[in-house]
Amino acid sequence: QVQLVESGGGLVQAGGSLRLSCAASGRTFSTYAMGWFRQAPGKEREFVAAISGNGGTTYYADSVEGRFTVSRDDAKKTVYLQMNSLKPEDTAVYYCTGRGGWISTAEHAYDYWGQGTQVTVSS
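A. Region of the structure containing the nonpolar core. In terms of nonpolar packing, the biggest core is built from 34 residues, with M34, W36, L81, M83 and Y94 touching the most fellow members. Only strand 3 (18-24), strand 4 (33-39), strand 5 (46-51), strand 7 (68-73), strand 8 (78-83), strand 9 (92-99) and strand 11 (117-122) provide two or more residues apiece to this core. Once residues lying within four places of it in the same chain are set aside, the contact partners of Y94 are E6, L20, W36, F37, R38, V48, F68, L81, M83, G116, T117 and V119.

B. Main features of the packing of aromatic side chains. Following the criterion strictly, the structure yields five aromatic pairs and no others. Plain terms: the ring middles of F37 and W113 are 5.4 Å apart, the flat faces sit at 40° to each other, and that makes the pair tilted. Taken as a pair, F37 in strand 4 and W113 in strand 10 (residues 112-113) lie far apart in primary sequence, 76 residues in all. Exposure remark for F37: the relative accessible area of 1% places this residue in the buried category. Among the residues examined, W113 registers a relative accessible area of 27% and is labelled partly exposed. Here the aromatic residues F37, F47, Y95, Y110 and W113 are joined through ring pairs into a cluster of three or more. Just above the ring of Y95 sits the side chain of R45; from NZ or CZ to the centre is 5.7 Å. A cation sits over an aromatic face here: R45 above W113, 4.3 Å from the ring centre.

C. Examining the pattern of salt bridges more closely. Tallied over the full model, the rule gives five salt bridges. Here R67 ties to D90 by a salt bridge, and the two come within 2.8 Å at their closest N and O atoms. Placement of the pair is R67 in the loop between strand 6 (58-60) and strand 7 and D90 in the loop between strand 8 and strand 9, with a sequence separation of 23 residues. Like D90, R67 is buried. A salt bridge links D74 to R72, with the shortest nitrogen-to-oxygen separation between them at 2.9 Å. Salt bridges here are not isolated pairs; linked through shared partners, they connect R38, E46, R67 and D90.

Conventions we followed
- Numbering of residues starts from 1 in every chain and runs along the sequence as written.
- Confidence filtering applies because this is a predicted model: local features only for residues at pLDDT of at least 70, side-chain atom pairs given and counted only at 80 or more, and all residues used for totals across whole chains, interfaces and linings.
- By convention in this description, side-chain values take in all heavy atoms of the structure and omit both hydrogens and water.
- Grouping buried Ala, Val, Leu, Ile, Met, Phe, Trp, Tyr and Cys residues that are joined through side-chain atoms within 4.5 Å yields what is termed a nonpolar core.
- To sort residues, take the accessible area from a 1.4 Å probe on protein chains only and compare it with the maximum for the residue type: under 20% means buried, over 50% means exposed, and anything in between is partly exposed.
- Each helix is a run of H or I in the DSSP string that is no shorter than four residues. Each strand is a run of E no shorter than two, and both are numbered from the N terminus.
- Whether two residues are in contact is decided by their heavy atoms, any of which lying within 4.5 Å being enough.
- Only Phe, Tyr and Trp rings are paired, with Trp represented by its six-membered ring, and only when their centres lie within 6.5 Å; those with planes under 30 degrees apart are stacked, over 60 edge-to-face, the remainder tilted.
- Consider the ring centre and the ring normal. A charge sits over the ring if Lys NZ or Arg CZ is within 6 Å of that centre and within 35 degrees of that normal.
- Salt bridge, as used here: a side-chain nitrogen of Lys or Arg that lies within 4 Å of a carboxyl oxygen of Asp or Glu.

Have a look at this one:
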């Protein structure tokens, strides 16, 4: 079984930056597509960003395109989400996800989920 653990969440002012990390267990991390989803209070969970197993392809939600960057370090078995120019509407619990298949924007495609980390952006 694969375990994912997010870290790096916190409180930041609008316009600021935050970097989330997701540490993964398992021997096949380098072949896994990884994704980030978020859920704000009273809202449905939504796709944020994803990266292919080889790092060659990335997807972003329109709402974060140009502000967020997803990357991975297979040697450290870690995926990152760099968040810049943060807005109050980015406030949510952010979840790291993984799957042993192709990159996807669909939450049901992902087999492994972290516990989530809270990001709060104040105005």
